[in-house]
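Listed below are the residues making up each chain.
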Amino acid sequence: MQFMVDPGADCTIGGMVACGASGTAAVKYGTMRENVLSLEIVLPDGTHATCGSRALKSSAGYDLVSVMTGSEGTLGVICNVTVKLHPIPSHILAASCAFEDLHSAAEAVVALRYTGVPLARCEILDEASLKAFNQSRSQREEESGGTGTTPMDVKPTLFLEFSGHDETV
């Protein structure tokens, strides 16, 4: 089992809840809002409160977990979090696709979503991002005495990951 919200390095679970974090895996697994089952919090007046439960489905009362998730700490301090875990897929495939323009890349993502392709992650880089990526990569290689890899085309590019539990991925 694995926790699939991946906003970046050095994040804490409480911080991710407070800011309502998401990441490239939100396409398949959702953001923190969809992955927090329960919270223990301390309210501004010092009251300790628990909201939510380990149950995946509950319709009793207000959804205070969703209210607290993304509140940036203004409603209380998050002390304990129960998160949803997901099975590790047995098949994973990654791809990158360059496009002539940003609009075409966005249309490709929409088409993938409509066709039901098991898209797990999706990230887009525009021309400015790719220029910065190529520059940083080149600089790191120079510093490490690397042989020099081919820079990526400076075109809008999608980075995709497909995952599932059968070989159709």
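Small disclaimer: the values here were computed from a predicted structure and weren't measured. (Residues numbered from 1 in each chain as written. Predicted model: local features only at pLDDT ≥ 70, side-chain atom pairs only at ≥ 80, totals over all residues. Heavy atoms only, no water.)

Visitor: Mind laying out the nonpolar core, listing which residues take part and the relevant values?
Guide: Soluble globular proteins: nonpolar side chains tend toward being buried together. With 11 residues, the main nonpolar core is built from Val5, Met16, Val17, Ala21, Met32, Val36, Leu39, Ile41, Cys51, Val65 and Met68. Secondary structure elements with two or more residues in this core: α1 (13–19), β1 (36–42) and α4 (64–68). Leaving out residues up to four positions away in the same chain, isoleucine 41 has contacts with Thr47, His48, Ala49, Met68, Val77, Ile78 and Cys79. Ranked by size, the runner-up nonpolar core spans eight residues in total, among them Ala105, Leu112, Leu119 and Phe162. (Core = buried A, V, L, I, M, F, W, Y, C linked by side-chain atoms within 4.5 Å. Buried < 20%, exposed > 50% of the residue type's maximum accessible area, 1.4 Å probe, protein only. Helix = DSSP H or I, 4+ residues; strand = E, 2+ residues; numbered from the N terminus. Contact = heavy atoms within 4.5 Å.)

Visitor: Can you explain the sheet that holds β1? Please cite residues and give values.
Guide: In space, the three strands of this open sheet follow the order β2-β1-β3, with antiparallel pairing throughout. The open sheet has two edge strands, β2 (48–52) and β3 (77–83), and neither has a second partner. Geometrically, the sheet is characterised by an average inter-axis angle of 15 degrees between neighbouring strands, direction not taken into account. Bridge count for β1 against β3 is six bridges, and the pairing is antiparallel. Looking across to β3, one finds that isoleucine 41 is bridged to isoleucine 78. (Pairing = 2+ DSSP bridges. Axes fitted to C-alpha atoms, helices over the stretch in contact; angles between N-to-C directions.)

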